[in-house]
Amino acid sequence: MKQTPFTDKHIALGAKMAEFAGYNMPISYTSINEEHQTVRQNAGVFDVSHMGEFLLKGPAALDLIQRVTTNDASKLSPGKAQYSCMTNEQGGIVDDLLIYCIEAGNLYMLVVNASNIEKDWNWISKHNTEGVEMENISDKTGLLAVQGPHAVAMLQPLTDMDISNLKYYTFVKGMFAGVDDVLVSATGYTGSGGVEIYFKDKNDNAERIWSEIFRLGTPQGLKPIGLAARDTLRLEKGFALYGNDIDDTTSPLEAGLSWITKFSKDFTARSILETQKADGVGRKLVGIEMQDKGIPRHGYRLQNAAGEDVGYITSGTQSPSLSKAIGMAYVAKEFTTPGSEVFVVVRDKPLKAQVVKIPFLA
Amino acid sequence: MQVPEALKYTKDHEWLRIEGDMATVGITDFAQHELGDIVYVEISALGKELQEGEVFGTVEAVKTVSDLYLPVKGTVTEVNPDLEGNPEFVNQDPYGKGWMVKMKLSNPEDVAQLMDTAAYSIHVGA
């Protein structure tokens, strides 16, 4: 199993550890509910160093990104980031990712899911016909997400860069906690505000950043948060998780990602997605809220009142903020209207549920 | 991790407190820790005689779900009513307030095949 720069810290803190995407990662430190509420109400720190980072450099970098991703990266100026996805030739999703514009037209950082690093690298390399310089810096890059309504105020004293007024999906680069060349971006996967902090994993950078963040944060209630709470936090906000809600067989339009699918430019399988847009898709990713007692889980089937299959659950949990069982599911288009009645098959029993609007938590 | 004396254990991480031909059953400290925050406990087999290893209920936690297996042949006679409103008792006090069911043992001599404290401690590496 691979380690992050912080694996030993998680173990020393007594975290429940498990393998995730080949890395030994903290699942939970105390309790999922407690960690979840810490982020919603105050601030928490996630080690997400397992994520992958690629640098794309050279005059053809933007053109390559435009061809492999669905969003319009030509809109990016230095200091701006963008959520996007890469499509395969069938119009499925290779991965969802963030694109950071470091130098317009010339230098970009792509942040991809840990489980897809190799697949994405090969996919982009295959399309790199114009000699873009590509570097996989995943193993040399540390990443902490400090998330929650009070996160930024806790961290501001650690840098001269103005991070308090960073707009959503923008970033700055510079000295942070005495470490040079740190990228701080107003992004995250919790919907509770905060920043993500990318740094070079060399010398004692990881140790300094971690200890400085907690030196200031601990007296204010900052806590380390595991991947389990990361999952409940993102699910309440309806953020898709690759491998659960989106994958090689789901299209961005089915997944509700038409807002990052721009037909003003060319990209892989554009014509397939254009047809889907014109004709409508047969199924869509929707929110599900249980009416009967039960918790929807990844892979559970959805049925109509007659007991016929109409879809399947992609993610589900007991929402700590709402105290309700919620999930996301692909359902046939006749059932996508909020209020539609569906049945989730939980251990062979069809339990009543309702289609609801995403996000579950505003 | 707590593994109290005077209880019997199964490899599926359940404990039994034996009193004559009756037993109180719950899940161990190890099990509640593995499951994480428990949302509810559903007992599906009240009043039915079940074989050893048959599913008598399920535990739903935030992150996962797990079946409950009857440790020995018998009949579930009572369900802990407090878990309906306070499922967190299973996390907080797995051997006390977090007990799940009481059961009548079909063959009290079956308890001989269960693990004792020492054997269970080895089983979970405690």
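Note that residues are indexed from 1 along each chain, following the sequence as it is written. As they are written, the chains are lettered A onward and the ligands numbered 1 onward, keeping that order. Since the coordinates come from a predicted model, pLDDT governs what is reported: local features require at least 70, and pairs of side-chain atoms require 80 or more to be given and counted, while whole-chain, interface and lining totals use all residues. For side-chain calculations, the full set of non-hydrogen atoms in the structure is used, while hydrogens and water are omitted.

Peer 1: Break down the sheet that holds strand β1 (residues 8-9) of chain B for me, with residues and values.
Peer 2: In any sheet, the strands associate via hydrogen bonds between backbone groups, in a parallel or an antiparallel arrangement. Residue and element names in this part refer to chain B. Two strands form a pair only when DSSP identifies at least two bridges running between them. Helix and strand assignments follow DSSP, with helices taken as H or I runs no shorter than four residues and strands as E runs no shorter than two, numbered in order from the N terminus. With respect to topology, six strands assemble into an open sheet ordered β1-β2-β3-β9-β8-β5, the strand pairing being antiparallel. What marks the edges here is a single partner per strand, and that holds for β1 and β5 (49-50). Here strand β8 (residues 74-79) runs beside strand β9 (residues 101-105); their pairing, made up of five bridges, is antiparallel. Residue pairing in the sheet places Glu78 in a bridge with Lys102 of β9.

Peer 1: So what's going on with the sheet that holds strand β4 (residues 38-43) of chain B? Residues and values would help.
Peer 2: Residues and elements named next belong to chain B. Within the open sheet, the three strands sit side by side as β4-β6-β7. Their pairing is antiparallel. Here the strands that pair on one side only, and so sit at the sheet edges, are β4 and β7 (65-69). The mean angle between the axes of side-by-side strands here comes to 20 degrees, regardless of whether they run parallel or antiparallel. Across five bridges, the pairing between β4 and strand β6 (residues 55-61) is antiparallel. Across the sheet, Ile43 pairs through a bridge with Gly57, a residue of β6. Axis definition: a line fitted to C-alpha atoms, over the contacting stretch in the case of helices. Angles run 0 to 180 degrees between N-to-C directions.

Peer 1: Describe the pattern of salt bridges, with residues and values.
Peer 2: Residue and element names in this part refer to chain A. What makes a salt bridge here is a side-chain nitrogen of Lys or Arg within 4 Å of a carboxyl oxygen of Asp or Glu, nothing more. For the structure shown, the criterion picks out 22 salt bridges over all chains. Residue Arg40 is joined to Glu236 by a salt bridge in which the shortest nitrogen-to-oxygen separation is 3.0 Å. One end of the pair, Arg40, is in helix α2 (residues 32-41); the other, Glu236, is in helix α7 (residues 227-236), with 196 residues separating them in the sequence. Owing to a relative accessible area of 14%, Arg40 belongs among the buried residues under this scheme. The buried category is assigned to Glu236, whose relative accessible area is 0%. We note a salt bridge from Asp231 to Arg234, for which the minimum N-O separation is 3.0 Å. Working definition: with a 1.4 Å probe on protein chains only, accessible area under 20% of the residue-type maximum means buried, over 50% means exposed, and in between means partly exposed.

Peer 1: Please provide a residue-by-residue account of α2 of chain A, values included.
Peer 2: Within the sequence span of α2 of chain A, burial applies to Ile32, Glu35, His36, Thr38, Val39 and Arg40 of chain A. Contact between two residues is taken to exist if any of their heavy atoms lie within 4.5 Å; hydrogens are not considered. Tucked into the core, α2 of chain A has its buried residues touching β2 (23-28), β3 (44-47), β9 (141-147), β13 (223-224) and α7 of chain A.

Peer 1: Requested: an account of the packing of α2 of chain A against α7 of chain A, with residues and values cited.
Peer 2: Residues and elements named next belong to chain A. At a closest axis distance of 9 Å, the pairing of α2 and α7 adopts a crossing angle of 55 degrees. Considering their axes alone, α2 and α7 lie oblique with respect to each other. The interaxial crossing formed by α2 with α7 has right-handed handedness. Along its contact with α2, which presents Ile32, Glu35, His36, Val39 and Arg40, the element α7 presents Ala228, Ala229, Thr232, Leu233 and Glu236. Among the residues forming the contact of α2 with α7, the class breakdown is five nonpolar, two polar and three charged. Here is the rule for angles: anything less than 35 degrees is roughly parallel, anything more than 145 is roughly antiparallel, 65 through 115 is roughly perpendicular, and the remaining ranges are oblique. Left-handed describes a crossing whose near helix is turned anticlockwise from the far helix by less than a right angle; the clockwise case is right-handed. Residue type decides the class: Asp, Glu, Lys and Arg count as charged, Ala, Val, Leu, Ile, Met, Phe, Trp, Tyr, Cys and Pro as nonpolar, and the leftover types, Gly among them, as polar.

Peer 1: Break down the pairing of strand β17 (residues 324-332) of chain A for me, with residues and values.
Peer 2: Residues and elements named next belong to chain A. Among the nine residues in β17, eight count as buried, and that is most of the element. Two elements, strand β14 (residues 283-290) and β17, share seven bridges in a ladder whose sense is antiparallel. Bridge assignment links Gly287 to a residue of β17, and that residue is Met328. Following strand β16 (residues 309-319), the chain reverses through four residues before pairing antiparallel with β17; Ser323 in that reversal takes a positive phi of roughly 50 degrees.

Peer 1: Please set out the packing of aromatic side chains residue by residue, giving values where relevant.
Peer 2: Working definition: rings of Phe, Tyr and Trp (its six-membered ring) pair if their centres are within 6.5 Å, and the pair is stacked with planes under 30 degrees apart, edge-to-face with planes over 60 apart, and tilted otherwise. Scanning the model with the defined rule gives 13 aromatic pairs over all chains in all. Ring geometry for Tyr189 of chain A and Phe239 of chain A: centres 6.1 Å apart, planes at 15 degrees, overall stacked. In this pair, Tyr189 of chain A is assigned in the loop between β11 (179-185) and β12 (194-200) and Phe239 of chain A in the loop between α7 and α8 (270-279), connecting sequence segments 50 residues apart. An aromatic cluster is defined as three or more aromatic residues linked by ring pairs; in this entry it consists of Phe6, Phe199, Trp210 and Phe214 of chain A. Two conditions define a charge sitting above a ring: the NZ of Lys or the CZ of Arg must be within 6 Å of the ring centre, and it must be within 35 degrees of the ring normal. Geometry around Tyr40 of chain B places Lys293 of chain A over its ring, the cationic atom sitting 4.6 Å from the centre. Note that Lys97 of chain B overlies the ring of Phe89 of chain B, its terminal NZ or CZ placed 4.5 Å from the centroid.

Peer 1: I'd love a proper account of the layout of surface pockets, names of residues and values included.
Peer 2: Residues and elements named next belong to chain A. The space that makes up the second largest pocket amounts to roughly 290 Å³. Whether a set of points on the 1 Å grid over the protein atoms alone is a cavity depends on a 1.4 Å probe fitting there but being unable to get out, while an open set qualifies as a pocket with protein on both sides within 12 Å along at least five of seven lines; lining residues are those with an atom within 4 Å of a point. Around the second largest pocket sit 14 residues that line it, and Leu55, Ile137, Lys173, Asp181 and Lys200 are the ones nearest its centre. Mapped by element, the contributors of at least two residues to the lining of the second largest pocket are β7 (107-112), β11 and β12. Residue classes in the lining of the second largest pocket are distributed as nine nonpolar, one polar and four charged. Inspection of the lining of the second largest pocket shows a minimum of three residues originating in each of domain 1 (7-49 + 141-236) and domain 2 (53-136). Grid points are joined across faces, edges and corners, and a volume is the space filled by probe spheres set on the points. Residue ranges labeled as domains rest on an automatic or database domain assignment.

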